[in-house]
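What follows is the residue order along each chain.
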Amino acid sequence: MADDDTSGFRAGRTALVVRVPEAEPVVRGWRERFDPSARAGVPAHVTVLYPFLDESRVDASVHSALTDVLAGHPCFDLRFEKCGRLPDVLYLVPEPDTPLKRLTEAVAARWPEAPPYGGRFTEIVPHLTVAQGREDAVLEEIETDLADGLPFTSRVSSVELLVHDGTRWRERASFALGTARPSGEVS
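Quick look at the structure, then. The numbers attached to residues start from 1 for each chain and follow its sequence in the written order. The predicted nature of this model means local features are confined to residues of pLDDT at least 70 and side-chain atom pairs, given and counted, to a pLDDT of 80 or more, with totals for whole chains, interfaces and linings taken over all residues. Excluded from the side-chain calculation are hydrogens and water; included are all heavy atoms of the structure.

### A closer look at the overall build of the protein
Rules: In this description a helix means any DSSP run of H or I spanning at least four residues, a strand means any run of E spanning at least two, and both kinds are numbered starting from the N terminus. Only protein chains enter the calculation, and the probe is 1.4 Å; a residue is then buried if its accessible area is under 20% of its type maximum, exposed if over 50%, and partly exposed in between. Residues count as neighbours in contact if any of their non-hydrogen atoms are within 4.5 Å of one another. Computed by Shrake-Rupley with a 1.4 Å probe, the accessible areas treat only the displayed protein chains as cover when residues are assessed.
When helices and strands are counted, the protein shows five helices and eight strands. Each principal axis of the C-alpha atoms in the protein carries an extent, and together these give about 50 × 45 × 30 Å. For the protein, with 187 residues in total, the buried portion stands at 49%. In the protein, once contacts between residues fewer than 6 apart in sequence are set aside, the share between residues at least 24 apart is 76%. Counting only carbon and sulfur atoms, one obtains 47% of the accessible surface of the protein, whose full area is about 9,000 Å².

Here is the structure:
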């Protein structure tokens, strides 16, 4: 959930994210210092959709629809081997990024009232934010340090619904992705 400071974290705001626990040893210290979402309780992640629906709208029918939409996508592996930059943001690049883009596109198509990043950006750029709002020299120092922890791989098998309670982000639900059949298997 890059590109937001803590003022954007209001009670009832929701997000859909892919957790990347394998990234924690590599990025935790930097994220705690330079990523407001980490300080607000969000683990290392790649955002699928932020902001999602207000918590007051996330009822059993939304849970059911999320289950259906996300189960239609197979589990996949991501590899993180380099850093990337957005304006004032240093992030780890997930490869391949196509499965992440497809998740975002599917959820946004189902809930067009919740476009990625509130519609502020036209291009979907999946990323794992490490630091934001810092000058280039700081981002370069962080990037150099991160090189020792790369590459690593993460298996994506679910998408988490996070809700901000006014103080911290909390996991509200987890939605499993479908399982892909081995190539050549016939149903």
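There is more to say, and it comes next.
### Examining the side chain of Thr-104
Looking at the element boundaries, Thr-104 is found in helix α4 (residues 98-110). Given a relative accessible area of 3%, Thr-104 falls into the buried group.

### Topic: the pairing of strand β5 (residues 128-132)
Rules: DSSP calls a pair of strands paired once it identifies at least 2 bridges connecting them.
Within β5, five of the five residues are buried, leaving the element largely enclosed by the surrounding structure. Alignment of strand β4 (residues 89-95) against β5, held across four bridges, turns out to be antiparallel. Directly across from Tyr-91, in β5, lies its bridge partner Thr-129.

### Let's talk about the packing of aromatic side chains
Inclusion rule: Ring pairs shown here join Phe, Tyr and Trp side chains whose ring centres sit within 6.5 Å, with only the six-membered ring taken for Trp; geometry is labelled stacked below 30 degrees between planes, edge-to-face above 60, and tilted in between.
Tallied over the entire structure, the rule returns six aromatic pairs. Ring geometry for Trp-30 and Phe-34: centres 6.1 Å apart, planes at 15 degrees, overall stacked. Of the two residues, Trp-30 and Phe-34 both sit in helix α1 (residues 24-34), four residues apart, roughly one turn of that helix. The exposure classification of Trp-30 matches that of Phe-34, with both residues buried. Ring plane angle 85 degrees and centroid distance 5.2 Å describe the contact between Phe-52 and Trp-111, whose orientation is recorded as edge-to-face. One end of the pair, Phe-52, is in the loop between β2 (45-49) and α3 (60-71); the other, Trp-111, is in the loop between α4 and β5, and 59 residues separate them in sequence.

### Re the nonpolar core
Going by this rule: Here the nonpolar core consists of buried residues drawn from Ala, Val, Leu, Ile, Met, Phe, Trp, Tyr and Cys, with membership extended through side-chain atoms lying within 4.5 Å.
The biggest cluster of nonpolar side chains holds 47 residues, and the ones touching the most others in it are Phe-52, Leu-92, Val-107 and Leu-146. Per-element accounting of this core gives the leading share, five residues, to α3. Setting aside residues up to four positions removed in sequence, Leu-146 forms contacts with Val-26, Val-27, Trp-30, Cys-83, Leu-90, Leu-92 and Val-130. Phe-9, Val-17, Ala-40 and Trp-169 belong to the second-largest nonpolar core, a separate cluster that totals nine residues.

### A few points about the side chain of Glu-160
Cut-off, in case you're wondering: We score Asp and Glu as negative and Lys and Arg as positive, and we do not count His or the chain ends. We define a salt bridge as a side-chain nitrogen of Lys or Arg found within 4 Å of a carboxyl oxygen belonging to Asp or Glu. Polar contact is the term for a pair of N or O atoms within 3.5 Å; when the atoms are in protein, one must be able to donate a hydrogen and the other to accept it, and sequence-neighboring residues count only if both atoms are side-chain atoms.
Here Glu-160 lies in strand β7 (residues 158-164). Despite its burial, Glu-160 pairs with no opposite charge; the closest candidate is Arg-19, at 4.7 Å N-O. Of note is the side chain of Glu-160, whose polar atom sits 2.7 Å from the side chain of Ser-158. Beyond its immediate chain neighbours, meaning those up to four positions away, Glu-160 contacts Ala-15, Leu-16, Val-17, Arg-19, Glu-171, Ala-173 and Ser-174.

### A closer look at α1
Test applied: Read the arc as the range of directions from the helix axis to the C-beta atoms.
Turning to α1, its buried residues number three or more, namely Glu-24, Val-26, Val-27, Trp-30, Arg-31 and Phe-34. Along the axis of α1, the buried positions cluster into a sector of 155 degrees, meaning they face one direction only. Those residues of α1 that are buried lie in contact with α2 (36-39), β2, β4, β5, α5 (136-146) and β6 (152-156).

### Structural notes on the sheet that holds strand β8 (residues 169-176)
To keep things clear, this is the line we draw: Here, axes are lines fitted to C-alpha atoms. For helices the fit covers the stretch in contact, and angles between N-to-C directions go from 0 to 180 degrees.
The strand order β2-β1-β7-β8 describes an open sheet built from four strands, whose pairing is antiparallel. The open sheet has two free edges, formed respectively by β2 and β8, since each of these has just one partner strand. Each strand axis lies, on average, 35 degrees off the axis of its neighbour in the sheet, ignoring direction. The pairing of strand β1 (residues 14-19) with β2 spans four bridges and is classified as antiparallel. From the neighbouring strand, Val-17 faces β2, where its bridge partner is Thr-47. In the packing of α3 onto the sheet, contacts are made with β1, β7 and β8, and the angle to β8 comes to roughly 55 degrees. Lying on the sheet, α4 is in contact with β1, β2 and β7; it crosses β2 at an angle near 30 degrees.

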